[in-house]
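What follows is each chain in one-letter form.
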Amino acid sequence: AMSIRMIAQELYRLLQELEKVEKQLKNAPFEKQEEIKDQLRKLKAERNRVQAILEGKKEHKPSRSTR
């Protein structure tokens, strides 16, 4: 199991990466934009996943079975 700190570092790294790719997109020639947007989509999905893990870890609620 990853520690909260490791997950937070991973999230930070992804956010830095997103910022970098978003800047690239602004300066990208038209024919490169789709490729970069695709990369952005993947990064955002990854960021959302890591954020969700982090939120889940912070809560520490015992999971109740819903009936």
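Here the structure is shown first, and the text comes after it.
Computed from a predicted model, the values in this text were never measured in an experiment. (Residues numbered from 1 in each chain as written. Predicted model: local features only at pLDDT ≥ 70, side-chain atom pairs only at ≥ 80, totals over all residues. Heavy atoms only, no water.)

*Asks:* Could you clarify how one ought to interpret the overall build of the protein in this entry?
*Replies:* Tallying secondary structure elements over the protein gives 2 helices and 0 strands in all. Every one of the 67 residues in the protein was classed for burial, and the buried ones make up 18%. Put simply, the protein shows about 5800 Å² of open surface, and 52% of that area lies on carbon and sulfur atoms. (Helix = DSSP H or I, 4+ residues; strand = E, 2+ residues; numbered from the N terminus. Buried < 20%, exposed > 50% of the residue type's maximum accessible area, 1.4 Å probe, protein only. Areas by Shrake-Rupley, 256 points an atom, 1.4 Å probe, with all protein chains shown as cover.)

*Asks:* What is the right way to look at helix 2 (residues 30–59) in this model?
*Replies:* At 3.6 residues per turn, the α-helix brings residues three or four places apart onto the same side. With 30 residues, helix 2 should cover 44 Å at 1.5 Å per step; its first-to-last C-alpha distance of 43 Å lies within 8% of that length. Where the residues of helix 2 are buried, they touch helix 1 (4–27). (Expected span 1.5 Å × (residues − 1). Contact = heavy atoms within 4.5 Å.)

*Asks:* Explanation requested: the pattern of salt bridges in the structure shown.
*Replies:* Pairs can form between side chains of opposite charge once their charged atoms are near each other. One pass over the full model with this rule turns up 7 salt bridges. The residue Glu10 makes a salt bridge to Arg13 at a minimum N-O spacing of 2.9 Å. Here Arg13 and Glu10 lie together in helix 1, a separation of 3 residues that amounts to about one turn. The partly exposed category is assigned to Arg13, whose relative accessible area is 44%. Note that Lys20 and Glu17 form a salt bridge whose closest N and O atoms lie 3.7 Å from each other. (Salt bridge = Lys/Arg side-chain N within 4 Å of Asp/Glu carboxyl O.)

*Asks:* Teacher, can you tell me more about the nonpolar core here?
*Replies:* The nonpolar side chains of soluble globular proteins are, as a tendency, buried together. If you look at the biggest cluster of nonpolar residues, it comprises 12 residues: Ile7, Leu11, Leu14, Leu18, Val21, Leu25, Ala28, Ile36, Leu40, Leu43, Val50 and Leu54. Broken down by secondary-structure element, the contributors of at least two residues to this core are helix 1 and helix 2. The greatest single-element share of this core, amounting to 6 residues, is contributed by helix 1. (Core = buried A, V, L, I, M, F, W, Y, C linked by side-chain atoms within 4.5 Å.)

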